[in-house]
Amino acid sequence: MPSTLSKPLAEPEEGPARFNKRRLIRVIAILTIGIVVVLAVWQEPLYALRVR
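Residues numbered from 1 in each chain as written. Predicted model: local features only at pLDDT ≥ 70, side-chain atom pairs only at ≥ 80, totals over all residues. Heavy atoms only, no water.

Chemist: Go over the overall build of the protein chain, please, and point to the residues and values.
Modeler: Looking only at helices and strands, the protein chain features 1 helix and 0 strands. Out of the 52 residues belonging to the protein chain, those deemed buried represent 0%. (Helix = DSSP H or I, 4+ residues; strand = E, 2+ residues; numbered from the N terminus. Buried < 20%, exposed > 50% of the residue type's maximum accessible area, 1.4 Å probe, protein only.)

See the structure below:
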């Protein structure tokens, strides 16, 4: 007879998948931040910080 006092798992266990949902969101966030940084430096290059 199964125990009725066992707690259910919060999330089902995932196998050793190469890309799970959490990793995919992390990769997309890193790529987005990187693109935004590159565009910001491209629009306002670092030489603009030079003191005259």
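Back to the text.
Chemist: Run through the UniProt feature "transmembrane region" (unreviewed entry) in the protein chain, naming residues and quoting values.
Modeler: The residues that UniProt annotates with the feature "transmembrane region" (unreviewed entry) are residues 24-42. Secondary structure content for residues 24-42 is 100% helix and 0% strand, while the C-alpha to C-alpha distance between its ends is 27 Å. (UniProt positions renumbered as here; feature names shortened; annotations may be inferred.)

Chemist: Break down a positive patch on the surface for me, citing the residues and quoting the values.
Modeler: A cluster of basic residues, Arg18, Arg22, Arg23 and Arg26, forms a positive patch on the protein surface. Structurally, Arg22 can be placed in helix α1 (residues 21-43). (Patch = residues over 30% accessible without salt bridge, like charges linked within 9 Å, V, L, I, M, F, W, Y side chains within 5 Å. Areas by Shrake-Rupley, 256 points an atom, 1.4 Å probe, with all protein chains shown as cover. Salt bridge = Lys/Arg side-chain N within 4 Å of Asp/Glu carboxyl O. Lys, Arg positive; Asp, Glu negative; His and termini not counted. Charge placed at Lys NZ, Arg CZ, Asp CG, Glu CD.)

Chemist: Break down a nonpolar patch on the surface for me, citing the residues and quoting the values.
Modeler: On the surface, a cluster of nonpolar side chains totalling about 260 Å² of accessible area is made up of Ile33, Val37 and Val41. With a relative accessible area of 56%, Ile33 lands in the exposed category.

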